[in-house]
Amino acid sequence: MKKTVLTALMVLATTYASACTNFIVGKKASTDGSVMCSYNADDYGMFIGLCHYPAAKHAKGDMRKIYDWDTHVLHGQIPEAAETYNVIGNINEYQVSIGETTFGGREELVDTTGIIDYGSLIYIALQRSKTARQAIQVMTGLVEKYGYCSEGETFTICDPNEAWIMEMVGKGPENKGAVWVALRIPDDAICAHANQSRIRTFNQKDKKNVLFSKDCIKFARQKGYFNGKDEDFSFNDAYARPDFQGHRFCEARVWSFFNHFSGNMKKYLPYAMGKEKNAEPMPLWIVPNRKVSLKDVQACMRDHYEGTPFALDKDLGQGIWNMPYRPTPLVFKVDGKEYFNERPTSTQQTGFSYVAQLRSWLPRQIGGILWFGNDDGNMVAYTPVYCGNTVQPTCYNTPGADAVTFSMDNAYWVCNWVSNMVYPRYSMMFGSLKAVRDSLENSYFEAQPAIEARALELYKTDTNKAISYLNSYSCEKGAQMLNRWKQLATYLIVKYNDMTIKPEDQHGFKRTATGLGAKVERPGYPENTARELVKQTNEKYAVPKE
């Protein structure tokens, strides 16, 4: 999602309200041989569901209107491709998946005259590409021809065999096109990006695994951003060197992801903390110390820096019930001095979250799954959406629902209803949500082998029947999740009403012999909160001795 520029605090970078997060796992780094990539689409007040673009054939002369993904403003139009492919969410029928994070970069390089914005770039490429490499060609070709009107962007571009990271910056209103560099992630490695440019120097002779615009270095020289030897050129340093916020709000999320799969991340703490100007930068990717599973990636999308120096569980900001979320904006002032909140991967302003699982050994319409949720990843059950699907689950595409119109039929609103009950009483209520979330997800994982075995049987004789079968399954699971979340909402208000806890047994909420609700439990403060209250108030609330 787009970042809001606050002010130019450094010559070489802008500060911003940090938005999205992407994780990438190569096929030899995963437990099952799949390529995986993830995306938290984070923006304040954003309402968005699961998009769909059907496969189509287009006549010569057909045009496509380009609407800005963030604002819906019409930028212009471009010719349609002769053929476009089916796209559901951020994955297409060939198992190509694309995500993004916005890093901003130099403000003067935003081309306000360009036609193609970063969101349009993603969904046009998904409609026109059968592989990740082809998607890179499509994306870079589009901006070269029609201009790029967004801020600096990092893209995750994956297919069942390859994972790529590409960074792109415009060239300003007076220069059509963009400068960019794309690197293939090694198959045995994991990578991440989170609103900060991460590509530094790169092997300019490796034509197989490194692609970059022909003027990537030349343009930096012309603008005075770089004056060294070509082999020393760093995309990050030239176009988007991080300031404190770029380190602490953005690179810290990458550090936390890597930290789950490496025992060597302590040495990069000074870099992630952003308080040492000459700290050693993190590598673009690492080889994990164990194979990474789908559940691992989902768990990382739910990360709040638990157990690290960035943890959000030791200060007043957590409230009474240990909430690992913080209000925005991230930077605030007290008596004229600036302070900040940590910014973990899991955040309340997530509009949608997914983990894409891309499997080369299966027929393409069966191999690609978008595990999708329509709220903060920590607060939703990721439901399976197969890449050949041609109909969205109604809960992810609900007529009448929007950013200011609540609907009980809409996943975004029902999930937000539940999560916003849980946030302020997190340690009291989250366990109930987690139990439902994990139960649903485990049921999907348990059913997956049988579902896909049946789909493979159908595929042998009729591809369309296999696609239809998986589409019906995805819609069924979406509806099941929504129904279960409605039940969860009513359960939570009864269970935890008025900051108490109603006791239960195997039959439900307990009752007295006369049919009344059983006596509630009054847990009071968590111990750490009680101790902090006493510390701050001294003897103010001490009960006097008789």
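Everything below is about the structure printed above this text.
All of the points below concern the structure found in this document. (Residues numbered from 1 in each chain as written. Predicted model: local features only at pLDDT ≥ 70, side-chain atom pairs only at ≥ 80, totals over all residues. Heavy atoms only, no water.)

**Quick word on the overall build of the chain**
So, step 1. On a plain count of helices and strands, the chain comes out with 12 helices and 23 strands.
So, step 2. Here the chain has a C-alpha radius of gyration of 24 Å; the compact-globule value for 546 residues is 24 Å, and the two agree.
So, step 3. A separation of at least 24 residues holds for 71% of the contacts in the chain among residues at least 6 apart in sequence.
So, step 4. A total of about 23,800 Å² of accessible surface is found on the chain, and carbon and sulfur atoms cover 52% of it.
So, step 5. Each charge class in the chain can be summarised by its mean position, and for the 63 positive and 60 negative side chains these summaries are 2 Å apart. (Helix = DSSP H or I, 4+ residues; strand = E, 2+ residues; numbered from the N terminus. Rg over C-alpha atoms; globule rule 2.2 N^0.38 Å. Contact = heavy atoms within 4.5 Å. Areas by Shrake-Rupley, 256 points an atom, 1.4 Å probe, with all protein chains shown as cover. Lys, Arg positive; Asp, Glu negative; His and termini not counted. Charge placed at Lys NZ, Arg CZ, Asp CG, Glu CD.)

**What to know about the side chain of D303**
So, step 1. Along the chain, the position of D303 falls in the loop between α7 (294-301) and β17 (331-334).
So, step 2. In this structure, D303 is buried with no salt-bridge partner, the nearest side chain bearing the opposite charge being R253 at 8.9 Å.
So, step 3. Among all residues touching D303, those that are not within four sequence positions of it are S256, H260, P344, T345 and S346. (Buried < 20%, exposed > 50% of the residue type's maximum accessible area, 1.4 Å probe, protein only. Salt bridge = Lys/Arg side-chain N within 4 Å of Asp/Glu carboxyl O.)

**Describing helix α10 (residues 426-461)**
So, step 1. Helix length check: α10, at 36 residues, gives a terminal C-alpha distance of 50 Å against a target of 52 Å (1.5 Å per residue), a fit within 8%.
So, step 2. At Q448, α10 shows its maximal bend, which comes to roughly 45 degrees, and the proline P449 appears one to four places after that position. (Expected span 1.5 Å × (residues − 1). Bend = angle between axes of the 7 residues up to and from the residue.)

**A look at the environment of L470**
So, step 1. Looking at where L470 falls in the secondary structure, it is placed in helix α11 (residues 463-495).
So, step 2. Not counting chain neighbours up to four residues away, the residues in contact with L470 comprise Q365, I366, Y386, N389, I451 and A455.

**Observations concerning the pairing of strand β18 (residues 337-340)**
So, step 1. Strand direction decides the pairing type here: β17 and β18, joined by four bridges, are antiparallel. Looking at the pairing, V334 lines up with K337 of β18.
So, step 2. Linkage of β17 to β18, two consecutive antiparallel strands, is achieved through a turn of two residues, within which D335 is found at a positive phi near 55 degrees. (Pairing = 2+ DSSP bridges.)

**Some thoughts on the sheet that holds strand β19 (residues 350-358)**
So, step 1. Strand order in this open sheet of seven strands is β16-β14-β1-β2-β19-β20-β21, and the pairing throughout is antiparallel. Each end of this open sheet is capped by a strand with a single partner; those strands are β16 (285-286) and β21 (383-386).
So, step 2. Relative to β16, strand β14 (residues 190-193) is paired through two bridges, and the arrangement is antiparallel. Within β16, the position partnered with C191 by the bridge is W285.

**A few points about the packing of aromatic side chains**
Centre-to-centre distance and the angle between the planes together describe a pair of aromatic rings.
So, step 1. As enumerated under the stated definition, the model contains 33 aromatic pairs in all.
So, step 2. Pairing F257 with F258 gives two aromatic rings, centres 6.1 Å apart and planes at 40 degrees, and the pair type is tilted. Residues F257 and F258 agree in their burial class; the two are buried.
So, step 3. Here Y325 and Y426 contribute two aromatic rings whose centre-to-centre distance is 6.0 Å and whose plane-to-plane angle is 65 degrees, an arrangement assigned as edge-to-face. Highlighted residues: Y325 in the loop between α7 and β17 and Y426 in helix α10, separated in sequence by 101 residues.
So, step 4. Grouping aromatic residues by their ring pairs yields a cluster made of F202, F212, Y225, F226, F233, F235 and Y239.
So, step 5. Looking at R364, its charged tip hangs above the ring of Y94, at a distance of 4.0 Å from the centre. (Phe/Tyr/Trp six-rings, centres within 6.5 Å; stacked < 30°, edge-to-face > 60°. Lys NZ or Arg CZ within 6 Å of the ring centre and 35° of its normal.)

**Things to note about the pairing of strand β6 (residues 74-79)**
So, step 1. Pairing analysis gives five bridges linking strand β5 (residues 63-67) to β6, with the strands arranged antiparallel. Note that in β6 the partner of I66 across the bridge is G76.
So, step 2. Hairpin remark: β5 followed by β6, antiparallel, with six residues in the connecting loop; positive phi at H72, about 65 degrees.

**Describing the pattern of salt bridges**
If the charged atoms of two oppositely charged side chains come close together, the side chains can form a pair.
So, step 1. Evaluated as defined, the whole model comprises 24 salt bridges.
So, step 2. For D187, the salt bridge identified is with R184, shortest N-O distance 3.0 Å. Summarising the burial analysis for this pair, D187 and R184 share the class buried.
So, step 3. For the salt bridge of R531 with E527, the shortest nitrogen-to-oxygen distance reads 3.1 Å. Highlighted residues: R531 and E527, both in helix α12 (residues 527-537), separated by four residues, approximately one helical turn.

**Let's talk about helix α2 (residues 132-146)**
Note on helix geometry: an α-helix contains 3.6 residues per turn, so any two residues three or four positions apart are oriented the same way.
So, step 1. For α2, spanning 15 residues, the distance from its first C-alpha to its last is 21 Å, which sits close to the expected 21 Å at 1.5 Å a residue.
So, step 2. When we look at burial in α2, the residues that qualify are A132, A135, I136, V138, M139, T140, L142, V143 and Y146.
So, step 3. Positive backbone phi, approximately 90 degrees, marks G147, located one or two places after α2.

Geometric values such as these leave the question of function open.
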